[in-house]
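Chain residues, written in single-letter form:
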Amino acid sequence: MKKMFILLILSLVMGITVFGENVDILIKNATILTMNEKKEVIENGVIVIKNSKIKAIGNEKLLSKYKGKKVIDAAKDIVMPGFINTHTHVSMVPFRSLADDVPDRLRRYIFPLENKLVSRELVYKGAIYGILEMISTGTTTFADMYYFEDEVAKAAELIGMRGVLGETVIKNPVADAKEPYGGIEYAEKFIKQYKNSQLVTPAFAPHAPYTVEEEYLKKVTELSKKYNVPVLMHIAETENEVKQIKEKYNKTVIEYLDSIGFLTDKVVAGHVIFVNDSDIKILKERNVGIAHNMVANIKSAKGVSPALKMFDEGLRVGLGTDGPMSGNTLDLVSQLGYVAKVHKLNSKNRAAMPPYKVVEMATIGGAKALHMEDVIGSLEEGKLADIIIIDTKSLNMQPIYDYYSAIVYSMLPGDVKTTIINGKIIMENKKIKTYDVEKAKKDLKTLENTVKKEAEKL
């Protein structure tokens, strides 16, 4: 009897009961798509979450070993890693749907409106709304480039979103830096402020090779090594960019950036449309991450990136939405079918880009692009618990013969039921738990009215 009492006391102290070890969340009856190297799918699976990480993953036997404070019965729904949006400008939500399809929209509308309206308030409220949109559609990590990026960080931490957030560096005076290249100093302060955040990874975001001079690209490279932070940049995105670099340096964009030592394993390159086989070889050798933005690229008629070739050759390729003015939506779900179908059409091969590859790009591929595959992107013991649950019983999801095919070709953004980030339930049964969605809508409406008035003057 005395031994039993001692064992009981020890078990309570260690967080273990006669019913099993106490954990925060236990997901059962799940169809688990692990996205691990073995491509394991676990039927009737169980995921155990403690603190911010996946404590265990497996079959029903785990139910006898762990007791969850919160138990989620997935009822055979798909449970998988959250989607990773590797390139966006989330705070541009207030400008969404403005002047779509207008030639030279960037200079005629975007730049003038940004110069007039971008402020801490707009960036923060835009980020709040955009982050909620991403969470509601299954994105658990996003990479962002914009101004006042500390406001984006504030919004991300408040809601509970994971973000790689890059402060823009550009040669022109902008909203948060009145001097050319003032973004470098701003970024350094931002990096020091958020370097130890659980959710935010601060970064430098030089805009593009044609808007940041060589001297400052080298400076950003040097500082990224000093602070051990990522560098996000638009690279090989437009024909005009390619032309400018060719005329000035007689090199491709990739050759030029490599010649100045810019391409490192800290770089995440957005778009990468205009590259040849030699460029791809350089990108692989330098271990550069690639953010493939299919919908934004084709909407603007820029072209189709050789992302499939890069992926098949072992480069770090993830998916991105680009900003809400470029691709309009911030959810990756509506991107998936385009990624598969356009690459099939582009290669004239029905078998090209099978669904599994698309889902891989949206999850572990995105983690690799951000150089974060050791901690996110797949459901494995010890990784951070960034997990989504997908409703498989909606009208559009039935029947399911192949899980990956259903996700890529049948799934709609509203089929995401639950979003867990860093071990915390941010959305459950399609209801955001960490922020008032109606408040976000009202705040956006106020910004919309302001933008509309200014746009009418252009």
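Refer to the preceding data block for the structure.
The text that follows walks through the structure, step by step, so that each part is easy to find. All figures in this text were calculated on a predicted structure; none of them were measured in a lab. Each chain has its residues counted from 1, running along the sequence as written. Per-residue local features of the predicted model are confined to residues with pLDDT of at least 70, and side-chain atom pairs are confined, for both listing and counting, to 80 or more; whole-chain, interface and lining totals are unaffected and use all residues. Excluded from the side-chain calculations are hydrogens and water; all other atoms, namely the structure's heavy atoms, are used.

## Observations concerning the packing of aromatic side chains
Consideration 1: Pairing of aromatic side chains requires ring centres within 6.5 Å, counting the rings of Phe and Tyr and the six-membered ring of Trp. Pairs whose planes differ by under 30 degrees are stacked, by over 60 edge-to-face, and all others tilted. Overall, the coordinates contain six aromatic pairs when judged by the stated rule.
Consideration 2: A ring pair is formed by Tyr146 and Tyr147, whose centres lie 5.0 Å apart and whose planes are at 50 degrees; its orientation type is tilted.
Consideration 3: With a centroid separation of 5.5 Å and 55 degrees between ring planes, the pair formed by Phe190 and Tyr194 is classed as tilted. Highlighted residues: Phe190 and Tyr194, both in helix H5 (residues 183-194), separated by four residues, approximately one helical turn. The same class applies to Phe190 and to Tyr194, which are both buried.
Consideration 4: Stacked on the ring of Tyr124, the Lys or Arg Lys154 has its end atom at 5.7 Å from the ring centre. Counting from the N terminus, the helices are the DSSP runs of H or I reaching at least four residues and the strands are the DSSP runs of E reaching at least two. Here the term buried applies to any residue with accessible area under 20% of the maximum for its type, exposed to any over 50%, and partly exposed to those in between, with areas from a 1.4 Å probe on protein chains only. Criterion for a charge above a ring: Arg CZ or Lys NZ at most 6 Å from the ring centre, at most 35 degrees from the ring normal.

## Side note on the environment of Asn287
Consideration 1: Along the polypeptide, Asn287 turns up in the loop between helix H9 (277-285) and strand S13 (289-292).
Consideration 2: For Asn287, a relative accessible area of 31% puts it in the partly exposed group.
Consideration 3: Taking C-alpha positions, Asn287 is 9.8 Å from Gly314, a pair spaced 27 residues apart along the chain.
Consideration 4: When near neighbours in sequence (up to four residues on either side) are disregarded, Asn287 contacts Thr264, Asp265, Arg316 and His371. By the convention used here, residues are in contact when the closest approach between their heavy atoms is within 4.5 Å.

## Here's the deal with empty space enclosed by the protein
Rolled over the atoms, a probe as big as a water molecule pinpoints where empty space is left.
Consideration 1: Using protein atoms alone on a 1 Å grid, points that fit a 1.4 Å probe yet trap it form a cavity, whereas open point sets bounded by protein on both sides within 12 Å along at least five of seven lines form a pocket; residues with an atom within 4 Å of a point count as lining. Grid points are joined across faces, edges and corners, and a volume is the space filled by probe spheres set on the points. One pass over the full model with this rule turns up one cavity of 30 Å³ or more.
Consideration 2: There is about 30 Å³ of room inside the largest cavity.
Consideration 3: In terms of lining residues, the largest cavity is bounded by Thr86, His87, Ala143, Met145, Leu232, Met233, Val268, Gly270 and Ala291.
Consideration 4: Mapped onto the lining of the largest cavity, the elements with two or more residues apiece are strand S7 (83-88), strand S8 (139-146), strand S11 (231-235) and strand S12 (267-271).
Consideration 5: Broken down by class, the residue content of the lining of the largest cavity amounts to six nonpolar, three polar and no charged. Think of it as three bins: nonpolar holds Ala, Val, Leu, Ile, Met, Phe, Trp, Tyr, Cys and Pro, charged holds Asp, Glu, Lys and Arg, and polar takes everything else, Gly as well.

## Side note on the layout of surface pockets
Consideration 1: In this structure, the largest pocket occupies an estimated 1400 Å³ of space.
Consideration 2: In this structure, the largest pocket is lined by 45 residues; those nearest its centre are Leu106, Phe111, Tyr210, Glu237 and Lys302.
Consideration 3: At the level of elements, helix H2 (105-117), S8, helix H7 (239-249) and helix H10 (294-299) are the ones that each hand at least two residues to the lining of the largest pocket.
Consideration 4: Element by element, the count of residues in the lining of the largest pocket is highest for H2, at seven residues.
Consideration 5: When grouped by side-chain class, the residues that make up the lining of the largest pocket number 20 nonpolar, 13 polar and 12 charged.
Consideration 6: If you add up the space inside the second largest pocket, you get close to 440 Å³.
Consideration 7: Thr201, Asn228, Pro230, His371 and Met372 are, among the 20 residues lining the second largest pocket, the residues nearest its centre.
Consideration 8: Here the lining of the second largest pocket takes three residues from strand S10 (residues 200-206), the largest share from any one element.
Consideration 9: Looking at the lining of the second largest pocket residue by residue, the class counts come to nine nonpolar, seven polar and four charged.

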